[in-house]
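# Overview (structure and organization)
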Amino acid sequence: MSKKRNTRRTRTDTKPRKQAPIQTMDAFSNPAARIGLGTMDLLQGTEYPLTRLTQNYQLLTSLYRDNWIVQNIVATIPNDIIRKWYEIRSAVQPDQITQMLKLERKTQVRKKILLGMYWGRLYGGAVGVILIKGQNDMSQPLDLNTIMPECFLGLQILDRWSGVYPEAELVTDPEDPDCGLPAYYVIRDEETGYTAARVHHSRVIRFIGRELPWMEQVAEQYWGESEIEAIYNEVIKRDNVSGNIAALTFRANINYMETEGLDQLLGTANTEMQRRFYNLMAAQSMMESNFGTRVINKGDAIHNTQYTFTGLSDVYDRIMMDVAGAARTPVTKLFGRSPAGLNATGEADMQNYYDYIDGLRETELRSVIERLLPVMALSAWGMIPDDLEIDFPTMWAPDAKEIAEIAERKTNAVLAVYQNDLIDSATAQQELQELADETGMWSKISEESIKAGEGQTYSSSRMMADPMAGLTYLEDPDRDMDISEENEEGPNKNGKEEVE
């Protein structure tokens, strides 16, 4: 009798099967309580339609001209970004720095950059065209070798609705900072349709509002989103709450009078009787004094209703906080209000806000300055230094008391390390010199003084000043004779005892 051998098929013998994709639909739903997905819940009626408010030029312009909050939202952050200008970190002469400052004032670079930020935040996009004397064909890439002294003419600021049209061709060079953005911009006269210029992207500085995903950038013609679009609903709430609060002041004190048969008078009486009733009420209203005194018939009843405004200030404050949060600006800056509450100073909010501004200067302003600075250097100095760098001073500036405390603590820390002979005098002076920007002290330490202190520690400097400074005298408690007595009674200077 033969045995049948059962053979197993291993995984290598079978062909892999394609698994159908699994679609997950995770959601919470309670139809009995009408809560969750697919139920008749009020929350399920919420929708977020794609409106693209940035493309509504008339609305954005009207808001900016009419609403002071919108103006503050557009201008506050750019003003703070520009308020502390950049500093040049290079081994250039002081007169060269003066020449650069004169060029900035002559071409109004600071103001033009500020305007570009304004219109970029308001409309979602603006450009600053770099103007060079003698270079009329702006369709060619900007060549720094062709820039001569005193050729920089400044920036021409145009918002996205002023006839600036990005072309469909994009920058494909991955080494170009404008990679993925339009390669050319066409400036056209809207009234006549005349094309004024075709500008290469290297001659254009872009200003946009909020960043958008790639598909939305394409929908916005490679511009950004207006800052007003994100806070539009909050501004509507604030304006309506403010208007309602103002309207309630007219209803703070209401007088009403009881009249018998008013329904019949208004519903069934003839026109003449109604006219006489209206005349009577108008006459009583005219006779009413400023103190609310009204003359009525004997037996008639008149009542007064007063409205209390308790809680309205809290509601208005919450609305302002929502607007400030949407605008990413503290209430004290956006609305010009002082901090409220017990021991409220607002320093924490302002410090966080200034940290945010420091980040914007690095991400937005630095790219603008670094594109302009070589052009301005060639125009002002005729050359570009190899070590040309810029730096931004911190926005948060401590007061005089805090600066004094910082200077004292950091100076004592440097001195403690130096007095323990861990560093020499030159290193200590260099560390103190590094504190000059932060404390305003020790900036006058000369290079000669630093060089003279190389290799000189605290102990060695004391020994040079006083050779006996490093010695220690051991005292003998059993001996109270001083050195003068020993010289008188002891051996003479030759070491022999005197013989009488």
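In case you missed it, the structure is sitting above this.
Here goes a summary of the coordinates provided. (Residues numbered from 1 in each chain as written. Predicted model: local features only at pLDDT ≥ 70, side-chain atom pairs only at ≥ 80, totals over all residues. Heavy atoms only, no water.)

Right, let's get into the overall build of the chain. Across its full length, the chain carries 17 helices and 12 strands. Within the chain, the fraction of its 500 residues that count as buried is 33%. About 34,800 Å² of surface is accessible on the chain, with carbon and sulfur atoms providing 51% of the total. (Helix = DSSP H or I, 4+ residues; strand = E, 2+ residues; numbered from the N terminus. Buried < 20%, exposed > 50% of the residue type's maximum accessible area, 1.4 Å probe, protein only. Areas by Shrake-Rupley, 256 points an atom, 1.4 Å probe, with all protein chains shown as cover.)

Next up on the list: the sheet that holds strand S4 (residues 125-132). An order of S5-S4-S9 is seen for the 3 strands of this open sheet, with the pairing classed as antiparallel. Bordering the open sheet on either side are strand S5 (152-159) and strand S9 (204-208), each of which pairs with just one other strand. For this sheet, the mean angle separating the axes of adjacent strands, direction not counted, is 20°. One ladder, built from 5 bridges, connects S4 with S9; its direction is antiparallel. Bridging from a neighbouring strand, Val-127 pairs with Arg-206 of S9. Here helix H4 (residues 109-123) sits on the sheet and contacts S4, S5 and S9; the angle it forms with S5, its principal contact strand, is near 15°. (Pairing = 2+ DSSP bridges. Axes fitted to C-alpha atoms, helices over the stretch in contact; angles between N-to-C directions. Contact = heavy atoms within 4.5 Å.)

A few words on the packing of helix H2 (residues 68-83) against helix H11 (residues 347-380). Each packed pair of helices is defined by two parameters, the angle between the axes and the distance between the axes. Two elements in contact, H2 and H11, have axes separated by 10 Å at closest approach and are oriented at 75°. As judged from the angle between their axes, H2 and H11 are roughly perpendicular. Listed contacts from H11 to Thr-76, Ile-77, Asp-80, Ile-81, Ile-82 and Arg-83 of H2 are Tyr-353, Tyr-354, Tyr-356, Ile-357, Leu-360, Arg-361 and Leu-365. (Parallel < 35°, antiparallel > 145°, perpendicular 65-115°, else oblique.)

Attention shifts here to helix H3 (residues 94-107). With 14 residues, H3 should cover 20 Å at 1.5 Å per step; its first-to-last C-alpha distance of 20 Å lies within 8% of that length. For H3, the complete set of buried residues consists of Gln-96, Met-100, Leu-103, Glu-104 and Thr-107. The arc that holds every buried residue of H3, seen down its axis, measures 100°, which confines them to one face. Along H3, the residues that are exposed and aim more than 90 degrees away from the buried face are Pro-94, Lys-102, Arg-105 and Lys-106. Elements that come into contact with the buried residues of H3 comprise strand S3 (87-89), H4, S5 and H11. Immediately downstream of H3, the backbone of Gln-108 shows phi near 55°, a positive value. (Expected span 1.5 Å × (residues − 1). Arc of directions from axis to C-beta.)

Take the pattern of salt bridges next. Tallied over the entire structure, the rule returns 18 salt bridges. In this structure, Glu-227 engages Arg-121 in a salt bridge whose closest nitrogen and oxygen atoms are separated by 3.8 Å. With Glu-227 in helix H6 (residues 227-248) and Arg-121 in helix H4, the pair connects residues that are 106 residues apart, well separated along the chain. In this structure, Asp-239 and Arg-238 form a salt bridge, with 3.1 Å as the shortest nitrogen-oxygen distance. Looking at Asp-239, the relative accessible area reads 30%, which means it is partly exposed. A cluster of three or more residues bridged by salt bridges with shared partners is formed by Arg-121, Arg-210, Glu-227 and Arg-328. (Salt bridge = Lys/Arg side-chain N within 4 Å of Asp/Glu carboxyl O.)

With that settled, the discussion passes to the nonpolar core. Counting residues in each nonpolar core, the largest one holds 68 residues, and the members touching the most others are Tyr-86, Ile-113, Phe-152, Ile-228 and Leu-372. At 15 residues, the largest contribution of residues to this core is made by H11. In this structure, Ile-228 is in contact with Leu-53, Leu-60, Leu-63, Val-70, Ile-73, Val-74, Arg-121 and Leu-122, ignoring residues within four places of it in sequence. The next biggest cluster of nonpolar side chains, apart from the first, holds 11 residues, and it includes Val-127, Leu-158, Ile-187 and Val-199. (Core = buried A, V, L, I, M, F, W, Y, C linked by side-chain atoms within 4.5 Å.)

Moving on, we come to the packing of aromatic side chains. Within this structure, the stated rule accounts for 10 aromatic pairs. Measuring from centroid to centroid gives 5.4 Å for Tyr-57 and Tyr-123, while their planes differ by 25°, and the two rings are stacked. In this pair, Tyr-57 sits in helix H1 (residues 57-66) while Tyr-123 sits in helix H4, placing the two residues 66 residues apart along the sequence. A relative accessible area of 33% means that Tyr-57 is categorised as partly exposed. Residue classification places Tyr-123 among the buried positions, given a relative accessible area of 7%. (Phe/Tyr/Trp six-rings, centres within 6.5 Å; stacked < 30°, edge-to-face > 60°.)

Turning next to the layout of surface pockets. The volume enclosed by the largest pocket comes to roughly 810 Å³. Surrounding the largest pocket, 29 residues form its lining, Arg-206, Ile-208, Glu-211, Glu-364 and Ser-367 being those nearest its centre. Of all the secondary structure elements, the ones that give two or more residues to the lining of the largest pocket are H2, H4, S9 and H11. Considering each element in turn, the lining of the largest pocket owes the most residues, 8 residues, to H11. Looking at the lining of the largest pocket residue by residue, the class counts come to 13 nonpolar, 6 polar and 10 charged. (1 Å grid on protein atoms, 1.4 Å probe; cavity = no way out; pocket = protein on both sides within 12 Å on 5 of 7 lines; lining within 4 Å. Points joined across faces, edges and corners; volume = space filled by probe spheres on them. Nonpolar A, V, L, I, M, F, W, Y, C, P; charged D, E, K, R; others polar.)

With that settled, the discussion passes to a nonpolar patch on the surface. A grouping of Trp-214, Met-215 and Val-218 is seen on the molecular surface, where their side chains present a nonpolar patch of about 330 Å² in accessible area. Note on placement: Met-215 falls in helix H5 (residues 214-219). (Patch = residues over 30% accessible without salt bridge, like charges linked within 9 Å, V, L, I, M, F, W, Y side chains within 5 Å.)

Reading across the sheet, the 3 strands line up as S6-S7-S8 and stay open at both edges, with antiparallel pairing between neighbours. Looking at which strands have only one partner, the edges of the open sheet turn out to be strand S6 (164-166) and strand S8 (195-200). With strand direction ignored, the average angle separating the axes of adjacent strands in the sheet is 25°. Inspection of the sheet shows S6 paired to strand S7 (residues 184-188) by 3 bridges, in the antiparallel sense. Note on S7: the bridge partner recorded for Tyr-165 is Val-186.

Right, let's get into a negative patch on the surface. On the surface, Glu-347, Asp-399, Glu-402, Glu-405 and Glu-408 cluster together to form a negatively charged patch. Ranked by residue count, the leading element in the negative patch is helix H12 (residues 400-419), at 3 residues. Take Glu-408: it is sitting in helix H12. (Lys, Arg positive; Asp, Glu negative; His and termini not counted. Charge placed at Lys NZ, Arg CZ, Asp CG, Glu CD.)

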